[in-house]
Amino acid sequence: MSPGLPEDSPPLVHIRRWLRATFRGCRDDLLDDILLVCTELVSNAYDHACGPRDVRVARDAGGRVIRVEVDDASPRVLPTPGVSSIGSFRGRGMTLVNALASDWGVRTGGERKTVWAEFAVGADA
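Just so you know, the residues in each chain are numbered from 1, in the order the chain's sequence is written. Reporting of local features is limited, given that this is a predicted model, to residues whose pLDDT is at least 70; pairs of side-chain atoms are given and counted only at 80 or more, and all residues count toward the totals for whole chains, interfaces and linings. For the side-chain quantities, the full set of heavy atoms in the structure was used; hydrogens and water were omitted.

Colleague: Got a sec to walk through the side chain of Ser 74? Specific residues and values, please.
Modeller: Here a strand is any run of E in DSSP of at least two residues, a helix any run of H or I of at least four, and the numbering for each starts at the N terminus. The topology assignment puts Ser 74 in the loop between strand 2 (65-72) and helix 3 (93-100). At 2.7 Å, the side chain of Ser 74 and the backbone nitrogen of Cys 50 are in polar contact. Not counting residues up to four positions away in its chain, the partners in contact with Ser 74 are Ala 49, Cys 50, Glu 111 and Lys 113. Polar contact is the term for a pair of N or O atoms within 3.5 Å; when the atoms are in protein, one must be able to donate a hydrogen and the other to accept it, and sequence-neighboring residues count only if both atoms are side-chain atoms. By definition, residues are in contact when any of their heavy atoms lie within 4.5 Å.

The structure is reproduced here in structure tokens:
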């Protein structure tokens, strides 16, 4: 998805299409989890952070871990499961990420932040 995401609104349909093509052959349940988590991370980058934004995915050399990374330019705005600055009717996205991903976290540096999520891939994925 480089050189970055558009500034005005998240291209979620295009991201989901790209993920389906990138991980063609993955188990349906794993792909569904990756799609949902990536959608949540990108949506959060638009709802709570400043651009520029970017999204990356990769599989480790052994093929056992799929990693989704979403960058934004708000390193001091950190995600917290169950909490939203938008209102009490929101805040479930990171709770879903926490439940579906094998692991997730945040890396900050300079004026950038990367929120990442990893998925353990079984032998049949």
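Still more to cover.
Colleague: Got a sec to walk through helix 1 (residues 12-22)? Specific residues and values, please.
Modeller: Each residue's exposure class comes from its accessible area (1.4 Å probe, protein chains only) as a fraction of the maximum for that residue type: buried when under 20%, exposed when over 50%, partly exposed otherwise. Every buried residue of helix 1 is accounted for by Leu 12, Ile 15 and Leu 19. Seen end-on, helix 1 carries its buried residues on one side only, within an arc spanning 60°. Considering only its buried residues, helix 1 is in contact with helix 2 (28-48) and strand 1 (54-59). The arc in question is the one traced by the directions running from the helix axis out to the C-beta atoms.

Colleague: Tell me about the environment of Arg 64, and name the residues and values.
Modeller: If you trace the backbone, Arg 64 turns up in the loop between strand 1 and strand 2. Judged by its relative accessible area of 60%, Arg 64 falls in the exposed class. For Arg 64 and Gly 122, which are 58 residues apart along the polypeptide, the C-alpha to C-alpha distance reads 6.7 Å. Leaving out residues up to four positions away in the same chain, Arg 64 has contacts with Phe 119, Ala 120 and Val 121.

The quantities given are spatial measurements derived from coordinates; they are silent on function.
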